[in-house]
Structure formats: C-alpha cells, structure tokens
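One-letter residues, chain by chain:
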Amino acid sequence: MLAFKTAWRFIIKSPFQTLTVILAVIIGIGVEFFILALGDVLNEMILEQTTSYQDHLQLTNYADETISYQQLDFELRDELLKEKAIKHAFYALTIQGAIIEVDETPMAPIPLDFLAFDNKNADNGYLNYSGLDEKRNISSDSKIPTTDNEIMLDKFFATKNNINLGAKVTYQEKHGDIYSFVVVGFFDLGVFRADNSSSFINMEKFNNLDSSQFVLKVQLNEPMKTEEGLEIVKKYYQKEHYKFITWKEVVPEFNVLNLAQNSTILMIEIFISLAFFV
C-alpha cells in the first residue's frame, strides 16, 4: 500500500517526468514489436528465395526397377494432394540431351536437361510448381507454353548460347529421339537457382518414358515443416519401398544459407535494440 502511495505522490509532483516515462515505455514496446515483425518479414523473404520452386520432399523407389509412365500410381498421388499441408505433388523425370540445331543451323551440341513433370490432371500445375506462371520470373515479351512444341529457357542460358525469342531448336534426347521446339519465353528464377542449363516441360511431350529414375516431387505450404510433411507422405507411400529426402538434404547449401541469414537477422535485431534502449 505504501508503494502505491509513494508512486501516486511522485505522479502528482512530477507529471512531466511521469509522462516522459510512460511515453518511453510505449515507444520501447512499439520498437520491440517492430523489430520482431521486421525479423519475421526478412525471414519470410529469405525462405521464399531459398525454397520457392524447389522440391521440399523427394521420393525415389528403392527397387530401382524400370517402369513405364502408365505404371505410376496417379490415384495415390491425387489422394496425397488432398492433404492441407501439401501444395504440389508431381511425378518427375530428368530428360537429358542437347540442342543440336538453332533455326535449322547445325551446331556443336549444347547440353540441356529438361525436368519433366507429369501433367496427368491436364492443369499445367508444373508451371506454378516451377514459378513459370509468375510475371516476376519471366521476361516481359515471354508467353506461357500452350502447345507440345513450345518451351521456355533460362535467360542466362539463352543469352550465353545466342538463342533468341522465337528460335526454332532441334533437341536430341540421350536415347537418340529428335524433337523440335519453339522458344516462346525466358525465365529467371534468381540467384539461388543451382543450374541454368535446364528447363521445365510436360513429361508427356516425350516418347521414351520407361525409366527407373521417376521421382515424386512434393512442395509443402510451409517449407520449414518438412518433418511433419514427411510423416504425412509416409502415410501414403510405404517407407520400406521408398527413399525419402527433404530439401535440406537435396540442396544442403540452401539450409546453411538460411541459417547464416537468420543469424544475420538476429544480429540486426540486437543492434537495433541497443540503439534504441542503451
């Protein structure tokens, strides 16, 4: 009781000083909330740059047996997609080959791999998975591929190899099959993209789809919750038949970068706090 009386007397005697203390406390709380919010925003930005358009989970078959595209379990995949934690899930296959002609002019083979996604649901969802449906990732004069013979290329790759918009390219797949494509656009997925000499495509554009290298690629709505996402996937795909890996294993440098940048953000928050409160 004595403490309250003493405090009240101080307030009555020194209203200006009291008001200053109250304002300082309010400003201090506001600054702290601002610092925490800033940290969250920066973390989200970094996370988006390092994990967007990447596989958050991958499933490969332990049996290493050759199967056809038609043998893939699309019904099971579609059941997995009903889970709220799952954003995308595609069967994918890396198609290896090289461009051997540009505008009917033969040239030394230019290695180019396609990350080919299934398009069983005919919704071109692989474009969203890879970021090719976002304007910020494609050149202003580009368009989204709509026919079997249209492709997009990485802008750095195209510039390096003098491939222009509208160019007709002849592509030889490693088994010898020949395909003709028209370049309808360029994309740039940022500095965190590990490989510029690859592109994305609908798997059904290719003929030879018998392989032991099919992979189920999964993106989560919350990339940092990979363990929870992994448990959900394991409910559908028997763990004794598949090898499961997370984006932290697929691209470990991204995880190291994420940790380093989070540490930097923490230091920034500490310095800002010291500047305001010391």
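Here, every reference points to the structure presented above.
To keep things clear, this report deals only with the structure shown in the data block. Model, not experiment: these values are computed from the prediction.

Thresholds applied
Residues numbered from 1 in each chain as written. Predicted model: local features only at pLDDT ≥ 70, side-chain atom pairs only at ≥ 80, totals over all residues. Heavy atoms only, no water. Helix = DSSP H or I, 4+ residues; strand = E, 2+ residues; numbered from the N terminus. Contact = heavy atoms within 4.5 Å. Patch = residues over 30% accessible without salt bridge, like charges linked within 9 Å, V, L, I, M, F, W, Y side chains within 5 Å. Areas by Shrake-Rupley, 256 points an atom, 1.4 Å probe, with all protein chains shown as cover. Salt bridge = Lys/Arg side-chain N within 4 Å of Asp/Glu carboxyl O. Buried < 20%, exposed > 50% of the residue type's maximum accessible area, 1.4 Å probe, protein only. Pairing = 2+ DSSP bridges. Axes fitted to C-alpha atoms, helices over the stretch in contact; angles between N-to-C directions.

Comments concerning the side chain of Thr226
Next, step 1: Here Thr226 shows up in helix α6 (residues 226-236).
Next, step 2: Sequence-distant contacts of Thr226, defined by excluding residues within four places in its chain, comprise His56, Leu57, Leu220, Thr246, Trp247 and Lys248.

As for a nonpolar patch on the surface
Next, step 1: Side chains of Leu19, Ile22, Leu23, Ile26 and Ile27 sit close together on the surface and give an oily, nonpolar patch of about 470 Å² of accessible area.
Next, step 2: As for its placement among the helices and strands, Ile27 is situated in helix α2 (residues 15-51).
Next, step 3: Judged by relative accessible area, Ile27 falls into the exposed class, the value being 52%.

Focus on the sheet that holds strand β1 (residues 57-61)
Next, step 1: Pairing within the open sheet is mixed, and its six strands lie in the order β9-β5-β2-β10-β1-β11. Two strands close off the open sheet at either side, each with one partner strand: β9 (198-202) and β11 (242-246). Neighbouring strand axes in the sheet, compared pairwise and without regard to direction, differ in orientation by 30 degrees on average.
Next, step 2: Here strand β5 (residues 113-117) runs beside β9; their pairing, made up of five bridges, is parallel. Across the sheet, the residue bridging to Phe117 is Asn202, located in β9.
Next, step 3: Lying on the sheet, α6 is in contact with β1, β2 (86-95), β10 (215-220) and β11; it crosses β11 at an angle near 160 degrees.

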